[in-house]
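Observations on the model geometry
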Amino acid sequence: MRIEVLTLFPEIFSSPLEHSILGKALQKGLLNVNVRNIRDYAFDKHRQVDDRPFGGGSGMLMKPEPLAAAIDAVRGEVPGIRVILLTPQGTLFDQAKAGELASLESMALICGRYEGVDERIRKHWVDEELSIGDYVLSGGEFAALVVIDVIARLLPGVLGDKESCVEESFSDGLLEYPQYTRPRNFKGYEVPEILLSGNHEAIRKWRRREALKRTLERRPDLLDFSVLSHEEKKFIEELKSGKRVAGSN
Ligand code: ADE
């Protein structure tokens, strides 16, 4: 996958793209991220990238000319690229959206700054607007890094078996079950007996139920979208009605 990033602060991207899973994905060539400075596409004397809003109001807006020139240049080099603006006004970026984007060959992430971008850029140069959550960042850079990280882990070959994403939170619409590692007794707190039993089927069942319980406790909204068996739905109803106590088996 090829990702083009358009930003006024390219330096923000250097360290996160060098380390850990993202660093390895780039090294292996499974992902190619090219960061461009929007200011390089400002062709006036002062290379101005922002200006005051028509009609007054506080703050500055990103001027349309440099953004349009940068997007046009990217589209010229990468035909068919999906152009995405990061903004708190966008549709919510979630695991399902990440799955959809992971199948693209290329995308451009435009990082907004200041009070936003000129509306004509939104309407006529951008394919899609994404938000990573209901809060306001000081710019789209950290949002773009979140999007890159989440998508990279879904690309074939990026995660080894050790880091597999098949069973992690959200992949099946549920939060993840509790996990434990050595020691068995940590400062008096024991690992649940069943995980030491060697009974793989019993462990699988226990994990699924724990995932259901945890999702019901913390994110009941997710249950509306997860695929549950008849037995699992019954289990949830029992938890809700108090017939089963969360935390017990
Ligand atoms: N830019 C500022 N806030 C943002 C958010 N929540 N998501 C995406 N881009 C942003």
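Throughout, residues of each chain are indexed from 1 in the direction in which the sequence is written. Where totals are concerned, whole chains, interfaces and linings use all residues; where local detail is concerned, this predicted model gives features only for residues with pLDDT of at least 70, and gives and counts side-chain atom pairs only at 80 or more. The basis for every side-chain value is the complete set of heavy atoms in the structure, and neither hydrogens nor water enter the calculation.

**Some words on the domain arrangement of the chain**
- Per the annotation, domain bounds derive from an automatic or database assignment of domains. Parsing the chain into structural domains produces domain 1 (2-152) and domain 2 (169-241).
- Of note, the centres of domain 1 and domain 2, computed from C-alpha atoms alone, are 37 Å apart.

**Remarks on the environment of Gly76**
- Under the scheme used here, helices are H or I runs from DSSP no shorter than 4 residues and strands are E runs no shorter than 2 residues, and both carry numbers assigned from the N terminus. Within the fold, Gly76 resides in helix 2 (residues 64-77).
- Only protein chains enter the calculation, and the probe is 1.4 Å; a residue is then buried if its accessible area is under 20% of its type maximum, exposed if over 50%, and partly exposed in between. For Gly76, a relative accessible area of 60% translates into the label exposed.

**So, the site of the ligand**
- If even one non-hydrogen atom of a residue comes within 4 Å of a molecule or strand, that residue is called near it. The full set of residues close to the ligand is Leu86, Thr87, Pro88, Leu130, Ser131, Ile132, Gly133, Tyr135, Val136, Leu137, Gly139 and Ala143.
- N or O atoms closer than or at 3.5 Å make up a polar contact, with two conditions inside protein: a donor-capable atom paired with an acceptor-capable one, and, for residues adjacent in sequence, both atoms drawn from side chains. Here a nitrogen atom of the ligand and a backbone polar atom of Thr87 are 3.2 Å apart.
- Within the backbone of Gly133, an N or O atom sits 3.1 Å from a nitrogen atom of the ligand.
- Surface accessibility follows the Shrake-Rupley procedure with a 1.4 Å probe radius. Residue values consider only the protein chains on display as shielding. Contact with the protein chains hides 97% of the accessible area of the ligand, taken as 260 Å² for the molecule alone.
- Going through the elements one at a time, strand 5 (82-92) and strand 7 (128-131) are the ones with two or more residues in the shell around the ligand.
- Considering each element in turn, the shell around the ligand owes the most residues, 3 residues, to strand 5.

**Focus on a nonpolar patch on the surface**
- Each patch is assembled from residues with relative accessible area greater than 30% and no salt bridge, linking like charges that lie within 9 Å and nonpolar side chains (Val, Leu, Ile, Met, Phe, Trp, Tyr) that lie within 5 Å. Counted as salt bridges are all cases of a side-chain nitrogen of Lys or Arg within 4 Å of a carboxyl oxygen of Asp or Glu. On the surface, Tyr135, Leu137 and Phe142 cluster together into a nonpolar patch covering about 290 Å² of accessible area.
- Structurally, the position occupied by Phe142 is in helix 5 (residues 141-152).
- Judged by its relative accessible area of 46%, Phe142 is partly exposed.

**Brief notes about the packing of helix 6 (residues 200-218) against helix 8 (residues 230-241)**
- Every axis in this analysis is a line fitted to C-alpha atoms, fitted for helices over the stretch in contact. Angles between the N-to-C directions lie between 0 and 180 degrees. For the pair helix 6 and helix 8, interaxial distance at closest approach is 11 Å and the crossing angle is 50 degrees. Taken as axis vectors, helix 6 and helix 8 run oblique relative to one another. Considering how the two elements wind past one another, helix 6 and helix 8 form a crossing that is right-handed. Residues Arg208, Arg209, Leu212, Lys213 and Leu216 of helix 6 lie in contact with helix 8, whose contacting residues are Glu231, Glu232, Phe235, Ile236, Leu239 and Lys240. If an angle is under 35 degrees, it is roughly parallel; if it is over 145, roughly antiparallel; if it lies from 65 to 115, roughly perpendicular; otherwise it is oblique. Note on convention: the crossing is left-handed when the near helix lies turned anticlockwise from the far helix by less than a right angle, right-handed when the turn is clockwise. Throughout, a contact is declared for two residues whenever any of their heavy atoms are within 4.5 Å.

**Some points on the sheet that holds strand 6 (residues 106-111)**
- Any two strands between which DSSP finds at least two bridges are classified as paired. Taken together, the 5 strands give an open sheet; going across it, the order is 2-1-6-5-7, and neighbouring strands pair in parallel fashion. Two strands in the sheet have a free side with no partner beyond their single neighbour: strand 2 (32-37) and strand 7. Across the sheet, the mean angle from the axis of one strand to that of its neighbour is 30 degrees, orientation sign disregarded.
- Of the strand pairs in this sheet, strand 5 and strand 7 are connected by 5 bridges, and their pairing is parallel. Counterpart to Thr91 in the pairing with strand 7 is Leu130.
- Each of strand 1 (2-7), strand 2, strand 5 and strand 6 touches helix 2; the most contacted strand, strand 1, lies at about 165 degrees to it.

**Some remarks on the nonpolar core**
- Grouped together as the largest cluster of nonpolar side chains are 29 residues, with contacts concentrated most on Ile3, Leu31, Met107, Leu109, Ile148 and Ile151.
- For this core, the secondary-structure elements that each account for two or more residues are strand 1, helix 1 (20-27), strand 5, helix 3 (95-102), strand 6 and helix 5.
- Of the residues forming this core, the biggest block, 7 residues, is contributed by helix 5.
- Setting aside its immediate chain neighbours within four residues, Ile151 contacts Met1, Phe93, Ala98, Leu101, Ala102 and Met107.
- The next biggest cluster of nonpolar side chains, apart from the first, holds 21 residues, and it includes Leu8, Ile38, Val78 and Ile110. Here the nonpolar core consists of buried residues drawn from Ala, Val, Leu, Ile, Met, Phe, Trp, Tyr and Cys, with membership extended through side-chain atoms lying within 4.5 Å.

**A few points about the pattern of salt bridges**
- This structure, assessed with the given rule, holds 22 salt bridges.
- One salt bridge in this structure joins Lys97 and Glu100, with 3.3 Å as the shortest N-O distance. Of this pair, Lys97 and Glu100 both sit in helix 3, 3 residues apart, roughly one helical turn.
- Among the charged side chains, a salt-bridge network with shared partners connects Arg2, Glu4, Arg36 and Glu77.

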